[in-house]
Amino acid sequence: MSQALALQGRHLVLGLSGGVACYKAAELVRELGRAGATVQVVMTEAAQQFITPVTMQALSGRRVVTDQWDAGVANNMAHIELSREADAIVVAPASADFIAQLAQGRAGELLPLLCLARPLERCPLLLAPAMNREMWAHPATQRNVAQAVADGAVLLGPGSGDQACGEVGDGRMLEPADLCEDIVAFFQPKRLAGRSVLVTAGPTFEAMDPVRGITNHSSGKMGFAIARAAAEAGARVTLVAGPVHLPTPRGVARIDVTSARDMLAAVLPQAPRHEVFVATAAVADWRPADVAEHKMKKDGSGRPPRIEFAENPDILATVARLPAGQRPFCVGFAAESRDMVQHAREKLARKGVPMIVANLGPATFGRDDNECVIVESGGDTTLPRADKLTLARALVAHIADRLNAA
Ligand code: CTP
């Protein structure tokens, strides 16, 4: 399945309760549709004060249902019918009043009725709260939210930031793209629940002088995809990233670094606090031995400057040599230009790690897809060409199997 169609085959009921954030629900329907989901929109009376069913119908391609007495639903029982085929009900925005209704099991109109009547064991309820920060912080709301969660609802957000009322604080509905990412993650199996994963990603940049340096073409995409896949699988994830301009995956703690030595300094204190270390970074093997204090200028002689190099520390091998008890399960990457599996097998021994993921460097740098072979002492596992998030999920599943077997 491609990353773009992460919700292919899923059917969602998207409920809107009253709030200014209803305008974001319009974009959310489009995001969910782009991800492959079909979406049935249900709106409360209050939601219709903020956005019209016409807009939501045009964007979802389905008639919006607003009324529990809607005669257009086959058996005249919208509250039963609509959740029967749904993989989840997502309420975005979920207002303070709507959450209060849920907490009390009230069913005064179609949307809360639908939530109450859903089959608990197979139709999850996801709530994206949206309200003023004082309303969010109010003990009554916090009590209602805690009750709704205790009754099985899953919270998506809220976020923090500027609010429609002009105030700043907690209670903002998450942005549509973030909500969509959280919904995709919700459906992923929680293979790494309670585990922790440390990932390095991207290139390093080794300065020659204050304005120039040596780097490489690594885009960081594979490492970021692994961090995302591990977070989706329920792990606590720390991502140590070289200089790349990629958005941080949801829920991942990110540490930005520049050089190989910076990366090692960031990784070393983190390594003993994580159970898995995945080294995807394309770390520069060499750095200029001396960094010029000022920009190196041409001297007019036509002779290029001489640059001496020093070897960088091997981050993966350093972590793999930590004493037992402090050493995470180490996974290396090998970007080769030929004899991929053979080189990977040599690296397995040289770096002293239990798993190396081999891929062809020129065929992967900067691309959105890749293919690789997981090399272990017990044998090889081929992951066929797919987008990097799909590969990352397969790799995470493989690592989870190894951890669970240990
Ligand atoms: N790696 C690292 N620190 C380094 C070099 C590499 O942590 N200084 C990690 C990479 O993140 C990757 C693995 O080691 O997981 C393999 O990197 P690669 O550059 O392919 O291997 P090298 O040991 O540099 O071998 P060679 O240059 O001979 O291919």
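Please read these numbers as outputs of a predicted model, since none were measured by experiment.

Undergrad: Which parts of the structure should I look at to understand the overall build of the protein?
TA: Along the backbone of the protein there are 14 helices and 19 strands. The dimensions of the protein, computed from C-alpha atoms along their principal axes, are 85 × 50 × 40 Å. Contacts in the protein between residues far apart in sequence, at least 24 positions, make up 68% of those at least 6 positions apart. When the accessible area of the protein is evaluated, it comes to approximately 19,100 Å², of which 51% is carbon and sulfur surface. The positive charge centre, built from 42 side chains, and the negative charge centre, built from 43, are 4 Å apart in the protein.

Undergrad: Quick question: what am I supposed to make of the domain arrangement of the protein here?
TA: Here the protein is described as being made up of domain 1 (11-187) and domain 2 (196-291 + 307-405). Centre-to-centre separation of domain 1 and domain 2, based on C-alpha positions: 39 Å. Across the contact, six residues belong to domain 1 and five residues belong to domain 2. Considering only the side of domain 1, the residues that lose the most area to domain 2 are Glu181, Val184 and Ala185, jointly responsible for 71% of the buried surface there. Inspection of the domain 1/domain 2 interface yields two salt bridges. We note a salt bridge from Arg250 to Asp182, for which the minimum N-O separation is 2.9 Å. Scanning the region where domain 1 abuts domain 2 turns up two residue pairs in polar contact (both at pLDDT 80 or more).

Undergrad: Just to check I follow, could you spell out the site of the ligand for this structure?
TA: In the vicinity of the ligand there are 15 residues, among which Ala279, Ala281, Phe333, Lys347 and Lys351 approach most closely. Here an oxygen atom of the ligand and a side-chain polar atom of Asp285 are 3.2 Å apart. Pro313 places a main-chain nitrogen or oxygen 2.8 Å from a nitrogen atom of the ligand. Within the complex, the protein chains bury 79% of what would otherwise be the 570 Å² of accessible surface of the ligand. When residues of the shell around the ligand are traced back to their parent elements, those giving at least two are helix 11 (315-320), strand 16 (329-336) and helix 12 (340-351). In terms of residue count, the dominant contributor to the shell around the ligand is strand 16 (four residues). Considered class by class, the residues forming the shell around the ligand number nine nonpolar, one polar and five charged.

Undergrad: Quick question: what am I supposed to make of helix 8 (residues 176-186) here?
TA: Every α-helix winds through 3.6 residues per turn, so residues three or four apart in the chain are directed the same way. Burial analysis of helix 8 places eight of its 11 residues in the buried class, which makes it a mostly covered element. Burial in helix 8 covers these residues: Pro176, Leu179, Cys180, Glu181, Asp182, Ile183, Val184 and Ala185.

Undergrad: Before we go on, may I ask you to explain the packing of aromatic side chains in this structure?
TA: For any pair of aromatic rings, geometry is given as the distance between the ring centres together with the angle between the planes. Under the defined criterion, the tally for this structure stands at one aromatic pair. Arranged with centres 5.4 Å apart and planes meeting at 75 degrees, the rings of Phe186 and Phe187 form a pair that is edge-to-face. Classification of Phe187 by relative accessible area gives buried; the value is 16%. Directly above the aromatic system of Phe187 lies the positively charged group of Arg10, at a separation of 4.1 Å from the ring centroid.

Undergrad: Is there a simple way to explain the packing of helix 1 (residues 22-34) against helix 8 in this structure?
TA: If you want to describe how two helices pack, look at the angle between their axes and the distance between the axes. Relative orientation of the contacting elements helix 1 and helix 8 amounts to 45 degrees, with a least axis distance of 8 Å. Comparing the axis directions of helix 1 and helix 8 gives the class oblique. Viewed along their axes, helix 1 and helix 8 form a crossing whose handedness is right-handed. For the pair helix 1 and helix 8, the contacting residues are Lys24, Glu27, Leu28, Glu31 and Leu32 in the first and Pro176, Ala177, Leu179, Cys180 and Ile183 in the second.

Undergrad: What am I meant to see in the nonpolar core here?
TA: Soluble, globular proteins show a tendency: their nonpolar side chains are buried together. With 36 residues, the main nonpolar core has Leu192, Val197, Val199, Ile226, Val278, Leu395 and Ile399 as its most contacted residues. Once residues within four sequence positions are removed from consideration, Leu192 is found in contact with Val197, Ala230, Ala233, Gly234, Ala235, Val396, Ala400 and Leu403. Ranked by size, the runner-up nonpolar core spans 35 residues in total, among them Leu7, Ala35, Val90 and Val184.

Quick notes on the rules
- Residues numbered from 1 in each chain as written.
- Predicted model: local features only at pLDDT ≥ 70, side-chain atom pairs only at ≥ 80, totals over all residues.
- Heavy atoms only, no water.
- Helix = DSSP H or I, 4+ residues; strand = E, 2+ residues; numbered from the N terminus.
- Contact = heavy atoms within 4.5 Å.
- Areas by Shrake-Rupley, 256 points an atom, 1.4 Å probe, with all protein chains shown as cover.
- Lys, Arg positive; Asp, Glu negative; His and termini not counted.
- Charge placed at Lys NZ, Arg CZ, Asp CG, Glu CD.
- Domains from an automatic or database assignment.
- Buried area = accessible area lost by both parts, 1.4 Å probe.
- Salt bridge = Lys/Arg side-chain N within 4 Å of Asp/Glu carboxyl O.
- Polar contact = N/O pair within 3.5 Å; in protein donor to acceptor, adjacent residues only side chain to side chain.
- Near = heavy atom within 4 Å.
- Nonpolar A, V, L, I, M, F, W, Y, C, P; charged D, E, K, R; others polar.
- Buried < 20%, exposed > 50% of the residue type's maximum accessible area, 1.4 Å probe, protein only.
- Phe/Tyr/Trp six-rings, centres within 6.5 Å; stacked < 30°, edge-to-face > 60°.
- Lys NZ or Arg CZ within 6 Å of the ring centre and 35° of its normal.
- Axes fitted to C-alpha atoms, helices over the stretch in contact; angles between N-to-C directions.
- Parallel < 35°, antiparallel > 145°, perpendicular 65-115°, else oblique.
- Left-handed = near helix turned anticlockwise from the far one by under 90°.
- Core = buried A, V, L, I, M, F, W, Y, C linked by side-chain atoms within 4.5 Å.

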